[in-house]
Amino acid sequence: MERKREERKKDNSHTIKSVYCETVEKFKNVEIEEIDSQVKLLMEHCFGVKPIDYVLNPDKELESQNYDYYIECVNKRCDRIPLQHIIGKTNFMGMDFSVNENVLIPRFDTENLVEKVLKICEGKKVLDMCTGSGCIILSIAKLGKIKSGIGIDISEKALEVARHNKEMLSIDNVEFLQSDMFDILEKNPCNNKGFDIIVSNPPYIPTGEIEKLMREVKNHDPFIALDGKEDGLFFYRIISREARKYLVESGVLALEIGYDQGESVPQILKADGYKDVRVYKDLSGLDRVVLANI
Ligand code: GLN
């Protein structure tokens, strides 16, 4: 009798190691990428398991009341819902940012752009055009010593996320404004006093390419945050034309670009009269950031 109970307990037992291994198998079957880190993030989210626990306590029993919720999360991931949407946050520049279906999930690639701006932003007034979750302007404000920042986005729902992130990071020198690109600056002279830096990671995927992206991206990132219209360059043209009006004389424009836009975007900027247009590569050796002076 005792033994049977023991055996049953063993069968139903959910240890760190057994749950980890089961989930790895499930994710392999549906070809999820970066399985190890994805499983560990889900286990941390649901059970509070830390990376060190896999080494020190692999046979530790997990809280059984959280198991159903864990399986729900695993199934969502198998349905290709991005992990960041399941756990409601992502890490960017070493900080947690809340995300949901109304904002583009901040990408590791975008840290390249932030790092470039951090080198030149001390004491500056910075505008982040198409701010989304606010990840760019908020990390610049948190890690650099900017004077003040403004983040603009067309989506009020995205701005709700950005404002929440601002609060979580206790930042008080950044303001978020709803506007279709530069409209609000044109209409309100009080907002439009010279910026030292205008930074942007605008939507830059050509419409026809979106269908070919991973399911996580094309079905869950907001379409308007991806869509750079016909040739992907729609927003760069607007930014290039308009940013000049709102930059101070020594102002800098800093843009993230797609890996194949290292010629087209500089061309647009040069045609609009920008000087010193330089392209920087990311860690994979792909063109990723463009800086230009007015
Ligand atoms: N600026 C935000 C980011 O980099 C949103 C970008 C976008 O919506 N295209 O994550």
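A quick note: this is a predicted structure, and the numbers were derived from the prediction, not measured. (Residues numbered from 1 in each chain as written. Predicted model: local features only at pLDDT ≥ 70, side-chain atom pairs only at ≥ 80, totals over all residues. Heavy atoms only, no water.)

With that settled, the discussion passes to the overall build of the protein chain. Helix and strand counts for the protein chain stand at 15 helices and nine strands. In terms of its C-alpha atoms, the protein chain occupies a principal-axis envelope of roughly 85 × 40 × 30 Å. Within the protein chain, buried positions represent 49% of all 294 residues. Within the protein chain, residue pairs in contact and separated by at least 24 positions form 64% of the contacts whose partners lie at least 6 positions apart. Here the protein chain displays about 15,500 Å² of accessible surface, and carbon together with sulfur accounts for 49% of that area. Side chains of the protein chain carry 42 positive and 51 negative charges; the gap between the two charge centres is 2 Å. (Helix = DSSP H or I, 4+ residues; strand = E, 2+ residues; numbered from the N terminus. Buried < 20%, exposed > 50% of the residue type's maximum accessible area, 1.4 Å probe, protein only. Contact = heavy atoms within 4.5 Å. Areas by Shrake-Rupley, 256 points an atom, 1.4 Å probe, with all protein chains shown as cover. Lys, Arg positive; Asp, Glu negative; His and termini not counted. Charge placed at Lys NZ, Arg CZ, Asp CG, Glu CD.)

Lining the immediate environment of the ligand, one finds Leu-104, Pro-106, Thr-110, Cys-130, Thr-131, Gly-132, Cys-135, Ile-136, Asn-201, Pro-202, Pro-203 and Ala-225. Note that a nitrogen atom of the ligand is positioned 2.9 Å from one of the backbone N or O atoms of Ala-225. When the free accessible area of the ligand is taken as 300 Å², the share hidden by the protein chains comes to 97%. (Near = heavy atom within 4 Å. Polar contact = N/O pair within 3.5 Å; in protein donor to acceptor, adjacent residues only side chain to side chain.)

As a further point, take the nonpolar core. The biggest cluster of nonpolar side chains holds 36 residues, and the ones touching the most others in it are Leu-127, Phe-182, Ile-198, Leu-253 and Leu-269. Among the elements of the structure, strand E3 (125-129), strand E4 (148-153), helix H10 (183-187), strand E6 (195-200), helix H14 (234-246), strand E7 (247-256), helix H15 (264-271) and strand E9 (287-293) are those that each provide at least two residues to this core. The element best represented in this core is H14, accounting for six residues. Apart from residues lying up to four places away in sequence, Leu-253 is in contact with Ile-198, Ile-239, Ala-243, Leu-247, Leu-269, Tyr-274, Val-290, Leu-291 and Ala-292. Phe-92, Leu-138, Val-174 and Val-289 belong to the second largest nonpolar core, which has 28 residues in total. (Core = buried A, V, L, I, M, F, W, Y, C linked by side-chain atoms within 4.5 Å.)

Let us now look at the sheet that holds strand E8 (residues 275-281). Taken together, the seven strands give an open sheet; going across it, the order is E5-E4-E3-E6-E7-E9-E8, and neighbouring strands pair in mixed fashion. Each edge of the sheet is formed by a strand with only one pairing partner; in this case those strands are strand E5 (174-178) and E8. Looking at each pair of strands side by side, their axes are set apart by 15 degrees on average, direction ignored. Of the strand pairs in this sheet, E3 and E6 are connected by four bridges, and their pairing is parallel. (Pairing = 2+ DSSP bridges. Axes fitted to C-alpha atoms, helices over the stretch in contact; angles between N-to-C directions.)

This part is about the confidence of the model for the protein chain. Taken residue by residue, the protein chain gives an average pLDDT of 94. The fraction at 70 or more is 95%. Contacts from residues 1-9, a stretch scored under 50 in pLDDT, to residues over four places away or in other chains number zero contacts. (pLDDT = per-residue confidence, 0-100.)

This part covers helix H5 (residues 67-78). Between its terminal C-alpha atoms H5 stretches 16 Å, which fits the 16 Å expected from 12 residues at 1.5 Å a residue. Buried within H5 we find Tyr-67, Tyr-70, Cys-73, Val-74, Arg-77 and Cys-78. Considered in projection along H5, the buried side chains sweep an arc of 145 degrees and stay on one side of the axis. Looking at the buried side of H5, the elements it contacts are helix H2 (16-29), helix H3 (35-47), helix H6 (83-87) and helix H12 (215-220). Looking one or two places after H5, you find Arg-80, whose phi comes out positive at around 75 degrees. (Expected span 1.5 Å × (residues − 1). Arc of directions from axis to C-beta.)

Here the focus is the packing of H3 against H5. One way to put it is that H3 packs onto H5 with a least axis distance of 10 Å and a crossing angle of 145 degrees. Read as a crossing pair, H3 and H5 show a hand that is right-handed. Counting all contacts with H3, which are made through Gln-38, Val-39, Leu-42, Met-43, His-45, Cys-46 and Phe-47, the residues of H5 involved are Tyr-67, Tyr-69, Tyr-70, Cys-73, Val-74 and Arg-77. Looking at the contact of H3 with H5 residue by residue, the class counts come to 10 nonpolar, two polar and one charged. (Left-handed = near helix turned anticlockwise from the far one by under 90°. Nonpolar A, V, L, I, M, F, W, Y, C, P; charged D, E, K, R; others polar.)

Turning next to the side chain of Thr-15. By the element assignment, Thr-15 lies in the loop between helix H1 (2-12) and H2. Within the structure, the side chain of Thr-15 is placed 3.0 Å from the backbone nitrogen of Ser-18, a separation counted as a polar contact. When neighbours within four sequence positions are excluded, Thr-15 is seen to be in contact with Pro-58, Asp-59, Lys-60, Glu-61 and Leu-62.

Let's shift gears to a nonpolar patch on the surface. Together, Ile-52, Val-55 and Leu-56 make up an exposed nonpolar region whose accessible area comes to about 330 Å². In this structure, Val-55 sits in helix H4 (residues 53-56). (Patch = residues over 30% accessible without salt bridge, like charges linked within 9 Å, V, L, I, M, F, W, Y side chains within 5 Å. Salt bridge = Lys/Arg side-chain N within 4 Å of Asp/Glu carboxyl O.)

Enumeration according to the criterion identifies seven aromatic pairs in this entry. Here the aromatic rings of Phe-47 and Tyr-70 are separated by 5.1 Å at their centres, their planes lie at 40 degrees, and the arrangement is tilted. One end of the pair, Phe-47, is in helix H3; the other, Tyr-70, is in helix H5, and 23 residues separate them in sequence. The two residues Phe-47 and Tyr-70 agree in class, both being buried. With 6.4 Å between their ring centres and 25 degrees between their planes, Tyr-204 and Tyr-236 make a pair best called stacked. Here the residue Tyr-204 occupies a position in the loop between E6 and helix H11 (207-210), and Tyr-236 occupies one in helix H14, the gap between them amounting to 32 residues. Relative accessible area serves as the criterion here: at 1%, Tyr-236 is assigned to the buried category. (Phe/Tyr/Trp six-rings, centres within 6.5 Å; stacked < 30°, edge-to-face > 60°.)

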